[in-house]
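# Inside the fold
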Amino acid sequence: MVNERMLGLGVEPNAIRELFAYGMARKAEIGDGNVFDFSIGNPSVPAPVAVKDAALALLEQPAASLHGYSPAGGVPEVRAAVADSIRRRFGIDASSESVYMTAGAAASIAISVSAVTEPGDEVVVISPYFPEYKVWIETAGCACVEVPARMSDFQPDIDALAAAIGPRTSAVIINTPNNPVGVVYSRKSLEALADLLAAKEAELGRELYLISDEPYREIVYDGVEVPYVPCVYERTIMCYSYSKSLSLPGERIGYVYVSDRMENAASVNSAVAGAGRALGYVCAPVLFQRVIAACVDEPSDVASYAANRKLLTKGLSALGYEFVEPQGAFYLWMRALEDDARAFGERAKAHELLLVPSDSFGVPGWVRVSYCVSADVITAAMPAFKALMEEYRR
Ligand code: PLP
């Protein structure tokens, strides 16, 4: 026999990956240039030259330091380099003991959820949300409580969160800059959330953790402020990844940072190490841990995403589409032209446009357009977007 739940997860289609696979097959059939694939968040910008230079220089070093095990939480110098960067960039007194190197944000979030919950607890997410949150929450034996974002601007709805947080709540997961909506949570929103969590901790007599998923932290436009969440709320566990900021999703590298401002940071650090052990996330890829230490302050190249954003928003608004103006990440949240986003996605597909229906993110009526593609794809897709709009207007 096999585990029923795992079997279900293994066979259950992941809509994004399924659409991406469809796109690959369709491209093989009708040619790359005839399919407009806006399905997946695979960075189109190459990793910085500094990453390649660091990797090549490291490969000259003794193999044991590159390909051998590191301590479970990471190479001590790497954890120290990350903590030092956090201290310098965000002015928080980060210690290397509070940095746990991981295989990307996915591992970071799964670890964080397991570290601060008991089976039967509730973890709150803000919908629309990254679909894997539910998988990680339920794997920890917890219930995923979905609270819709404020519809006017997709910022957290503080009143709705207040109503959802109860005696079984252990944590709230946020994601800013946001996938799929592209908004960045404002300082005002984060401060209101921090005040709410502090008040609820006092009322309920239990710790409430804020798990802040931030793989897109550096990918923002027009100089929008991205407040550092551990500075806003003390009981924050920050989940970071270099998948998007340095275009390294295949290298599986990131970290958990437990805010040193939390009074129980030492026990949370131990629980993070324990969850890493329990889930098998120990000793993140060592070569890339060392690359990160060398490139810890390397800036992200957002110029092409910014250009794509402009091209896409200008084109779509001229055609009459309604969408949320993206402030960060590389996704555009566009209203479907009918209530059933899946049906709209299918009609878009007939025009070779691959858009992810919002049902995948827990809400109806929208689609996500990933614009981490080449600018040519956006330009070439405009006649298809036009034809799709005309089809609905007819
Ligand atoms: N969280 C969000 C919001 C994401 O969009 C992604 C990946 O697309 C992840 C987490 C997982 O990232 P990683 O590749 O670092 O595991």
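Cut-off values and rules
- Residues numbered from 1 in each chain as written.
- Predicted model: local features only at pLDDT ≥ 70, side-chain atom pairs only at ≥ 80, totals over all residues.
- Heavy atoms only, no water.
- Helix = DSSP H or I, 4+ residues; strand = E, 2+ residues; numbered from the N terminus.
- Buried < 20%, exposed > 50% of the residue type's maximum accessible area, 1.4 Å probe, protein only.
- Contact = heavy atoms within 4.5 Å.
- Lys, Arg positive; Asp, Glu negative; His and termini not counted.
- Charge placed at Lys NZ, Arg CZ, Asp CG, Glu CD.
- Core = buried A, V, L, I, M, F, W, Y, C linked by side-chain atoms within 4.5 Å.
- Domains from an automatic or database assignment.
- Near = heavy atom within 4 Å.
- Polar contact = N/O pair within 3.5 Å; in protein donor to acceptor, adjacent residues only side chain to side chain.
- Areas by Shrake-Rupley, 256 points an atom, 1.4 Å probe, with all protein chains shown as cover.
- Nonpolar A, V, L, I, M, F, W, Y, C, P; charged D, E, K, R; others polar.
- Patch = residues over 30% accessible without salt bridge, like charges linked within 9 Å, V, L, I, M, F, W, Y side chains within 5 Å.
- Salt bridge = Lys/Arg side-chain N within 4 Å of Asp/Glu carboxyl O.
- Pairing = 2+ DSSP bridges.
- Buried area = accessible area lost by both parts, 1.4 Å probe.

### Notes on the overall build of the protein
Scanning the protein for helices and strands turns up 15 helices and 13 strands. Scored against the burial criterion, the 394 residues of the protein give a buried share of 54%. The contacts of the protein with a sequence gap of at least 6 include a subset with a gap of at least 24, amounting to 74%. A gap of 3 Å separates the mean positions of the 34 positive and 49 negative side-chain charges of the protein.

### Observations concerning the nonpolar core
With 36 residues, the main nonpolar core has Phe 38, Met 334, Leu 353, Leu 355 and Phe 385 as its most contacted residues. Going through the elements one at a time, helix H13 (303–319), strand E10 (331–335), helix H14 (341–349), strand E13 (366–370) and helix H15 (375–393) are the ones with two or more residues in this core. A per-element tally of this core places H15 first, with eight residues. For this core, the domains that each give at least three residues are domain 1 (4–47 + 301–393) and domain 2 (50–295). The contacts of Leu 353, once residues within four sequence positions are left out, are Phe 36, Phe 38, Ala 348, Ala 381, Ala 384, Phe 385 and Leu 388.

### Focus on the site of the ligand
The ligand sits among 14 residues. The nearest are Ala 105, Asp 213, Tyr 216, Ser 241 and Arg 252. Take Lys 244: an N or O atom from its side chain is 2.9 Å from an oxygen atom of the ligand. Arg 252 places a side-chain nitrogen or oxygen 2.7 Å from an oxygen atom of the ligand. Protein chains bury 91% of the 390 Å² of accessible surface belonging to the ligand in isolation. Examining the composition of the shell around the ligand, we find that three residues originate from one element, helix H6 (residues 104–116), more than from any other. Here the residues of the shell around the ligand are counted per class, giving six nonpolar, five polar and three charged.

### Topic: a nonpolar patch on the surface
There is a patch of nonpolar side chains on the surface, built from Val 2, Leu 7 and Val 11 and spanning about 280 Å² of accessible area. With respect to the helices and strands, Val 11 occurs in helix H1 (residues 4–11).

### Some words on the side chain of His 351
Turning to its location among the elements, His 351 is positioned in the loop between H14 and strand E11 (353–354). On the basis of relative accessibility, which here comes to 18%, the residue His 351 falls in the buried class. Excluding its chain neighbours within four sequence positions, the residues that come into contact with His 351 are Phe 36, Ala 384, Ala 387, Leu 388 and Glu 391.

### Here's the deal with the sheet that holds E10
Strand order in the open sheet formed by four strands is E9-E10-E13-E12, with antiparallel pairing between adjacent strands. The open sheet has two edge strands, strand E9 (323–324) and strand E12 (356–357), and neither has a second partner. Relative to E13, E10 is paired through five bridges, and the arrangement is antiparallel. Looking at the pairing, Met 334 lines up with Val 367 of E13.

### Notes on the domain arrangement of the protein
Assigned domains within the protein: domain 1 (4–47 + 301–393) and domain 2 (50–295). Between the C-alpha centres of domain 1 and domain 2 there is a distance of 27 Å. Opposite the 30 residues of domain 1 that make contact, domain 2 presents 33 residues. Across the domain 1/domain 2 interface, buried area totals approximately 2400 Å², and carbon plus sulfur atoms make up 60% of it. It is Gln 327, Ala 329 and Phe 361 in domain 1 that bury the most area against domain 2; as a group they hold 24% of the surface buried on that side. The interface formed by domain 1 and domain 2 contains one salt bridge. Where domain 1 packs against domain 2, one counts 15 residue pairs in polar contact (both at pLDDT 80 or more). Secondary structure elements with two or more residues in the side of domain 1 that touches domain 2: H1, H13, E10 and E13.

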